[in-house]
Amino acid sequence: MGGVNYANVSKLMGLSDLDDMDYDLSGVYQSLTGTENPAATSQDCMRTVLDKVTEKVRALSKRDEASKSSGQYYVWACYSQTASQ
């Protein structure tokens, strides 16, 4: 299945599976943060996942300030087609 969903994003970013979050919260938290937390909750794990995804999106959408705009502009053109008889 395509699109932006947790399964696809987790594969691209190497995140833990949602099933792992159901059964091994402390292991998932440790794999996400590198820090052991035996009392980790699903909210802790999802917060960390959302932070990582947000950082990635920001990095991908960051504008390069060194490159200047070339002054591109767009022109809308309407073409009319008539049927010849």
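### A word on the confidence of the model for the protein chain
Consideration 1: Residues at a pLDDT of 70 or more form 72% of the protein chain, whose mean pLDDT is 81.
Consideration 2: The weakest mean pLDDT in the protein chain belongs to helix H1 (residues 6–13) at 85; the strongest belongs to helix H3 (residues 25–33) at 93.

### Concerning the packing of H3 against helix H4 (residues 42–61)
Consideration 1: Interhelical geometry of H3 versus H4 gives an angle of 25 degrees and a closest axis separation of 9 Å. One way to sum up the angle between H3 and H4 is to call them roughly parallel. The crossing of H3 and H4 is left-handed. Residues Leu 25, Val 28, Tyr 29, Leu 32 and Thr 33 of H3 form the contact with H4, whose participating residues are Ser 42, Asp 44, Cys 45, Thr 48, Val 49 and Lys 52.
Consideration 2: Partitioned by chemical class, the residues of the contact of H3 with H4 number six nonpolar, three polar and two charged.

### With respect to a negative patch on the surface
Consideration 1: On the surface, Asp 17, Asp 19, Asp 20, Asp 22 and Asp 24 cluster together into a negatively charged patch.
Consideration 2: Of the residues examined, Asp 24 reaches a relative accessible area of 38% and is grouped as partly exposed.

### Overview of H3
Consideration 1: Taken residue by residue, H3 has Val 28, Tyr 29 and Leu 32 as its buried positions. Considered in projection along H3, the buried side chains sweep an arc of 100 degrees and stay on one side of the axis.
Consideration 2: Against helix H2 (18–23) and H4 lie the buried residues of H3.

What counts and how
- Residues numbered from 1 in each chain as written.
- Predicted model: local features only at pLDDT ≥ 70, side-chain atom pairs only at ≥ 80, totals over all residues.
- Heavy atoms only, no water.
- pLDDT = per-residue confidence, 0-100.
- Helix = DSSP H or I, 4+ residues; strand = E, 2+ residues; numbered from the N terminus.
- Axes fitted to C-alpha atoms, helices over the stretch in contact; angles between N-to-C directions.
- Parallel < 35°, antiparallel > 145°, perpendicular 65-115°, else oblique.
- Left-handed = near helix turned anticlockwise from the far one by under 90°.
- Contact = heavy atoms within 4.5 Å.
- Nonpolar A, V, L, I, M, F, W, Y, C, P; charged D, E, K, R; others polar.
- Patch = residues over 30% accessible without salt bridge, like charges linked within 9 Å, V, L, I, M, F, W, Y side chains within 5 Å.
- Areas by Shrake-Rupley, 256 points an atom, 1.4 Å probe, with all protein chains shown as cover.
- Salt bridge = Lys/Arg side-chain N within 4 Å of Asp/Glu carboxyl O.
- Lys, Arg positive; Asp, Glu negative; His and termini not counted.
- Charge placed at Lys NZ, Arg CZ, Asp CG, Glu CD.
- Buried < 20%, exposed > 50% of the residue type's maximum accessible area, 1.4 Å probe, protein only.
- Arc of directions from axis to C-beta.

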